[in-house]
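Examining the three-dimensional arrangement
Listed here are the chains, written in short residue letters.
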Amino acid sequence: MVEQKQTNPSDEAWETRRRRVGIAAFLAGLVATLAFFAFFPGLPHVVDWGAVLAALVVGALARWFCQSRLTNAGRKKTKI
């Protein structure tokens, strides 16, 4: 038999919020890093593949950081 996962609407809403925060953090990190490489004085004003890869890494780190903070906040909230 196939077992179905029992979830309540509040868990689904929390997971949706966590996903949206992760997407927003990724995009903010990506855009901020590309803007840094494009407009910071003293750097060549060319966005090359290294800058794109660095922006992707920064975006992924921002996503991971925001999602872990949100998860820890949720755990603290349920403990009390």
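Reading the values: the criteria
Residues numbered from 1 in each chain as written. Predicted model: local features only at pLDDT ≥ 70, side-chain atom pairs only at ≥ 80, totals over all residues. Heavy atoms only, no water. Helix = DSSP H or I, 4+ residues; strand = E, 2+ residues; numbered from the N terminus. Buried < 20%, exposed > 50% of the residue type's maximum accessible area, 1.4 Å probe, protein only. Contact = heavy atoms within 4.5 Å. Areas by Shrake-Rupley, 256 points an atom, 1.4 Å probe, with all protein chains shown as cover. Salt bridge = Lys/Arg side-chain N within 4 Å of Asp/Glu carboxyl O. Patch = residues over 30% accessible without salt bridge, like charges linked within 9 Å, V, L, I, M, F, W, Y side chains within 5 Å. Phe/Tyr/Trp six-rings, centres within 6.5 Å; stacked < 30°, edge-to-face > 60°.

Take the overall build of the protein next. Along the protein, the regular secondary structure elements total two helices and zero strands. Counting over 80 residues, the protein shows a buried share of 15%. Considering only contacts within the protein whose residues lie at least 6 apart along the sequence, 65% involve residues at least 24 apart. Accessible surface, the protein: about 6800 Å² in total, of which carbon and sulfur atoms supply 66%.

What follows concerns the pattern of salt bridges. Counting across every chain of the model gives one salt bridge. The salt bridge partner of Glu15 is Arg18, with a shortest N-O separation of 3.6 Å. Placement of the pair is Glu15 and Arg18 together in helix 1 (residues 9-39), with a separation of three residues, close to one helical turn. When its relative accessible area of 31% is taken as the criterion, Glu15 is described as partly exposed.

Turning our attention to a nonpolar patch on the surface. Taken together, the side chains of Val57, Leu61, Trp64 and Phe65 present a nonpolar region at the surface, about 470 Å² in accessible area. A residue is classified by how much of its surface remains accessible, and Leu61, at 52% relative accessible area, is exposed.

For the structure on display, the rule yields two aromatic pairs. Centroid distance Phe36 to Phe40: 4.8 Å. Interplanar angle 40°. Geometry classified as tilted. Assessed through its relative accessible area of 41%, Phe40 is described here as partly exposed. Clustering of aromatic rings is evident, with ring pairs tying together Phe36, Phe37 and Phe40.

Another aspect to go through is the environment of Leu34. Here Leu34 shows up in helix 1. Given a relative accessible area of 28%, Leu34 falls into the partly exposed group. Considered as a pair, Leu34 and Val58 are 24 residues apart in the sequence and their alpha carbons are 9.9 Å apart. When sequence neighbours within four positions are dropped, the list of residues in contact with Leu34 reads Val47, Ala51, Val52 and Ala55.

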